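Read off the chains here:
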Amino acid sequence: MIVLGDLHLTRFTKAKVGLAFADLCERHPDEPIVVAGDFFDLSTDAPRAERAAAIEGVLAVHEPVRRALGRRLDAGQPVVLIGGNHDADLGQNDVGPILAKVLRLGAEGRAALRCTPWFWRHRGVHLEHGHLYDPDNAPGHPLIVGEPSLGVHFSAEFIHPTGAHRYLQNNDETPLKLFLSSFQWYGRRAPYVIYRYFHAAFAALARSGPLYRAHHESERGSDLHAHYAIEAGVPASVVDQLFAARAPSTLESLPATFARLYLDRVVATLLLTGGLACATTGRPVTGGTLGTLGALLMGTSWLAGHNRYRGNVVDHLTRSARHIAAETGAELVVFGHTHREALDEGYANTGAFAFPGPAPGRPYLRIGWEHGRPRAERLYLAA
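Residues numbered from 1 in each chain as written. Predicted model: local features only at pLDDT ≥ 70, side-chain atom pairs only at ≥ 80, totals over all residues. Heavy atoms only, no water.

Trainee: How should the overall build of the protein be read in this particular structure?
Mentor: Along the backbone of the protein there are 17 helices and eleven strands. Taken over the C-alpha trace, the protein has a radius of gyration of 22 Å; the compact-globule value for 383 residues is 21 Å, and the two agree within 12%. When its C-alpha atoms are laid out on the principal axes, the protein stretches across 80 × 45 × 40 Å. Burial status across the protein gives 54% buried among its 383 residues. (Helix = DSSP H or I, 4+ residues; strand = E, 2+ residues; numbered from the N terminus. Rg over C-alpha atoms; globule rule 2.2 N^0.38 Å. Buried < 20%, exposed > 50% of the residue type's maximum accessible area, 1.4 Å probe, protein only.)

Trainee: I'm lost on helix 1 (residues 15-27) in this one. Help?
Mentor: Owing to its 3.6 residues per turn, the α-helix aligns residues three or four sequence positions apart on the same side. Given a rise of 1.5 Å per residue, 13 residues ought to cover 18 Å, and the 18 Å separating the end C-alpha atoms of helix 1 matches this to within 8%. Within helix 1, the full set of buried residues consists of Val 17, Gly 18, Ala 20, Phe 21, Ala 22, Leu 24 and Cys 25. Summarising the contacts, the buried residues of helix 1 are in contact with strand 1 (2-4), strand 2 (33-35), helix 4 (63-74), strand 10 (362-370) and strand 11 (373-381). (Expected span 1.5 Å × (residues − 1). Contact = heavy atoms within 4.5 Å.)

Trainee: Any chance you could explain the sheet that holds strand 5 (residues 119-122) here in plain terms?
Mentor: As a general point, the strands of a sheet are linked pairwise by backbone hydrogen bonds and lie either parallel or antiparallel. Read from one edge of the open sheet, five strands run 5-6-7-9-8, paired in mixed fashion. What marks the edges here is a single partner per strand, and that holds for strand 5 and strand 8 (341-344). Averaged over all pairs of adjacent strands, the angle between their axes in this sheet comes to 20°, without regard to strand direction. With three bridges joining them, strand 7 (residues 332-335) and strand 9 (residues 347-350) adopt parallel strand pairing. Note that in strand 9 the partner of Val 334 across the bridge is Ala 348. (Pairing = 2+ DSSP bridges. Axes fitted to C-alpha atoms, helices over the stretch in contact; angles between N-to-C directions.)

Trainee: What should I look at first to understand the state of the cysteines in this one?
Mentor: In a disulfide, the sulfur atoms of two cysteines are held together by a covalent bond. Evaluated as defined, the whole model comprises zero disulfides. No disulfide involves Cys 25; its nearest neighbouring cysteine sulfur is the one of Cys 115, lying 14 Å away. Its relative accessible area of 5% is what places Cys 25 among the buried residues. (Disulfide = S-S within 2.5 Å.)

Trainee: Quick question: what am I supposed to make of the environment of Leu 9 here?
Mentor: Note that Leu 9 resides in the loop between strand 1 and helix 1. In sequence terms Leu 9 and Asp 87 are 78 residues apart; their C-alpha atoms lie 9.9 Å from each other. Once you skip the residues sitting within four places of it in the chain, Leu 9 turns out to touch Val 17, Gly 18, Phe 39, Phe 40, Asp 41, Val 58, His 62 and Val 65.

Trainee: Help me understand the pairing of strand 9 in this model?
Mentor: It is a general feature of regular strands that their side chains alternate between the two faces of the sheet. Here strand 9 shows two buried faces, one formed by Tyr 347 and Asn 349 and the other by Ala 348 and Thr 350. Of the pairings in the sheet, the one linking strand 8 to strand 9 comprises four bridges and is antiparallel in character. Each bridged residue has a counterpart across the sheet, and for Asp 344 the counterpart in strand 9 is Tyr 347. The hairpin turn running from strand 8 into strand 9, its antiparallel successor, is two residues long, and Gly 346 in that turn takes a positive phi close to 85°.

Trainee: So what exactly am I meant to see when it comes to unusual backbone geometry here?
Mentor: Glycine aside, residues mostly have negative phi angles, and peptide bonds mostly take the trans form. Of note, the phi angle at His 8 is positive, near 50°, even though the residue is not glycine. With respect to the helices, strands and loops of the structure, His 8 is situated in the loop between strand 1 and helix 1. Residue class for His 8 comes out buried when judged on its relative accessible area of 5%.

Trainee: Explain the sheet that holds strand 1 here, please?
Mentor: Pairing within the open sheet is mixed, and its six strands lie in the order 4-3-2-1-10-11. Among the strands making up the open sheet, the edge pair consists of strand 4 (113-116) and strand 11. On average, adjacent strands in this sheet sit at an angle of 20° to one another, irrespective of strand direction. As judged from the three bridges shared by strand 1 and strand 2, these two strands associate in the parallel manner. Bridging across to strand 2, Val 3 finds its partner in Val 34.

Trainee: Would you take a moment to explain helix 17 (residues 312-328) for this structure?
Mentor: Look at helix 17: 24 Å from first C-alpha to last across 17 residues, which is about the 24 Å you get at 1.5 Å a residue. Looking at helix 17, one finds that the buried residues are Leu 317, Thr 318, Ser 320, Ala 321, Ile 324 and Thr 328. An end-on view of helix 17 places all buried positions within 165° of arc, on one side of the element. The exposed residues of helix 17 that point more than 90 degrees off its buried face are Arg 322 and Ala 326. Tucked into the core, helix 17 has its buried residues touching strand 5, strand 6 (125-128), helix 13 (236-244), strand 7 and strand 9. (Arc of directions from axis to C-beta.)

Trainee: Looking at this model, I keep getting lost on the side chain of Ser 249. Mind explaining?
Mentor: Topologically, Ser 249 is positioned in the loop between helix 13 and helix 14 (254-260). Sequence-distant contacts of Ser 249, that is, excluding residues within four places in its chain, are made with Pro 135, Ala 138 and Tyr 212.

Trainee: What is the right way to look at the nonpolar core in this model?
Mentor: Nonpolar side chains tend to gather and get buried jointly when the protein is soluble and globular. Core analysis: the largest hydrophobic core is formed by 42 residues, its most contacted members being Leu 4, Phe 21, Phe 39, Phe 40, Leu 81 and Leu 99. Residues within four places of Phe 40 in sequence aside, it is in contact with His 8, Leu 9, Ile 55, Val 58, Leu 59, His 86, Asp 87, Leu 90 and Leu 99. (Core = buried A, V, L, I, M, F, W, Y, C linked by side-chain atoms within 4.5 Å.)

Trainee: How should the pairing of strand 6 be read in this particular structure?
Mentor: Of the two faces of strand 6, the one holding Val 125 and Leu 127 and the one holding His 126 and Glu 128 are both buried throughout. Here four bridges tie strand 5 to strand 6, and the two strands are oriented antiparallel to one another. If you follow Trp 120 over to strand 6, its bridge partner there is Leu 127. Where strand 5 hands over to strand 6, the hairpin turn is made up of two residues, of which Arg 123 adopts a positive phi near 50°. Pairing geometry for strand 6 and strand 7, over three bridges, is parallel. In the strand pairing of strand 7, Leu 127 is matched with Val 334.

Written as structure tokens, this is what we have:
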């Protein structure tokens with residue numbers, strides 16, 4: 001089967017991404033296709049739109065995608081769409097009929113389409129998006145569409161109004177580096193982009209810690225485990241183990257949210273600036289106090305690392321893949337989400353189809369079976 005991830009299709013996604021997906025469908029006409037999350041990017045495109053309108057709007061723009069999926073499905077060739085952090089709605093009961101209508105599927109096409117909110121397992125392969133194991137993007141429960149994670153919050157409140165899509169691919173950089181890059185990327189719009197970042201940051205802070213409202217979602221979702229296990233064709237204990245391995249949401253903790261947004265460095269910068277202003281306007285004692293506090297806070301922040309989060313998501317998912325294999329018996333675990341390719345014994349990451357790195361092109365996986373055991377092969381489609 002063919003596995004890819006992170007197309008992030010929106011009405012504003014470049015047409016070449018959709019054309020590349022259509023080309024992929026043509027190149028592999030006889031192999032099932034699995035999208036390991038974020039096929040759509042509904043949280044960035046239309047975060048407040050009704051889901052049927054949002055999905056229809058995206059596929060109306062990407063007509064080659066609609067045609068390619070429709071032809072493939074009506075030919076009876078399976079397509080599995082796994083929900084990610086940016087298209088968690090894919091697992092809801094009404095999405096299958098919505099897609100069937102938009103894709104104009106007949107009975108055979110409807111039967112060949114599968115949408116799932118969490119994971120899919122097939123012949124020893126465990127596939128899911130992986131955001132459940134990333135603190136910044138972990139939902140309250142993957143079976144409940146509820147309170148947005150920190151990452152989804154920023155997509156809706158920052159990326160959507162500004163169109164600053166480059167931040168999606170560079171989200172583990174420090175804010176200072178991103179702010180400086182904004183002037184290169186967005187020119188005269190950079191001040192507005194930076195303003196919206198802080199607007200989203202303080203809004204996130206205001207709904208973190210004691211005000212985080214997703215705690216009840218884990219209880220509601222856990223009640224659905226037995227039913228979902230039947231749909232997924234696994235023992236209920238597997239679903240319980242996977243949920244137990246989830247990462248705690250960053251938003252559960254006010255200090256963790258404050259630190260993740262590097263607001264300690266913002267406060268330190270303000271103190272240093274205030275101290276300098278006081279010192280130069282005849283208030284040396286006040287200036288010295290503010291400057292000292294700012295220097296101590298900045299030094300403490302830098303002792304924790306210049307970039308405290310670069311590579312964290314990759315590490316979280318790599319460890320979680322090993323844990324899933326050990327605890328649930330999966331022979332190969334496949335994630336997306338990190339936008340970083342990986343191909344090791346027992347673990348593979350699709351990389352981001354929408355955001356190819358340097359040549360050779362857009363990454364995806366072909367999974368085959370040798371002597372009954374799954375094996376992943378990395379392939380590329382010219383960007």
